[in-house]
Amino acid sequence: MRIPGQRIRRTRLIQTEKYVVAVQVEMVIPVDDPSEPCYESETIQLLREIKEHAERGDMAWLTQRGKVYAAVEAA
């Protein structure tokens, strides 16, 4: 479902125990309430999928969607 309004692109970080994934997503500034940008349902579903793939360590899938950063343990 498309929400009417201005569309803007933002980088969102999805964090898991081992990875952080930086992904560009589209947000909408709704005409009815321009006080804060919001996500459409498709974007929310994408963010959930990214988190699930990051938890499984699916690097091939993740690198097609955004930049992947791996956590390293401190010495």
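Not measured: the values here are computed from a predicted model.

Conventions adopted
- Residues numbered from 1 in each chain as written.
- Predicted model: local features only at pLDDT ≥ 70, side-chain atom pairs only at ≥ 80, totals over all residues.
- Heavy atoms only, no water.
- Helix = DSSP H or I, 4+ residues; strand = E, 2+ residues; numbered from the N terminus.
- Expected span 1.5 Å × (residues − 1).
- Contact = heavy atoms within 4.5 Å.
- pLDDT = per-residue confidence, 0-100.
- Pairing = 2+ DSSP bridges.
- Axes fitted to C-alpha atoms, helices over the stretch in contact; angles between N-to-C directions.

S.K.: I'm lost on helix α1 (residues 41-56) in this one. Help?
M.R.: Since there are 3.6 residues in each turn of an α-helix, residues three or four apart along the chain are aligned in direction. Between the first and last C-alpha of α1 there are 23 Å, a value that for 16 residues agrees with the 22 Å anticipated at 1.5 Å per step. Looking at the buried side of α1, the elements it contacts are β1 (5-15), β2 (19-30) and α2 (59-65). Backbone geometry just downstream of α1 places G57 in the positive-phi region, at approximately 80°.

S.K.: Honestly, the confidence of the model for the chain in this entry has me stumped. Any pointers?
M.R.: Detailed reading of predicted coordinates is not advised where the pLDDT is low. Of all residues in the chain, 97% have pLDDT values of 70 or greater, and the mean over the chain is 92. Highest mean pLDDT in the chain belongs to strand β3 (residues 67-70) (96); lowest belongs to β1 (94).

S.K.: Sorry if this is basic, but what is going on with the sheet that holds β1 here?
M.R.: Within a beta sheet, neighbouring strands are joined by backbone hydrogen bonds and run either parallel or antiparallel to one another. Strands sit in the order β1-β2-β3 across an open sheet of three strands; the sheet is antiparallel. With one partner strand each, in any of the chains shown, β1 and β3 form the two edges of the open sheet. Geometrically, the sheet is characterised by an average inter-axis angle of 30° between neighbouring strands, direction not taken into account. Two elements, β2 and β3, share four bridges in a ladder whose sense is antiparallel. For V20, the partnering residue across the bridge sits in β3 and is Y69. Along the sheet, α1 contacts β1 and β2; its crossing angle with β2, the most-contacted strand, is approximately 175°.

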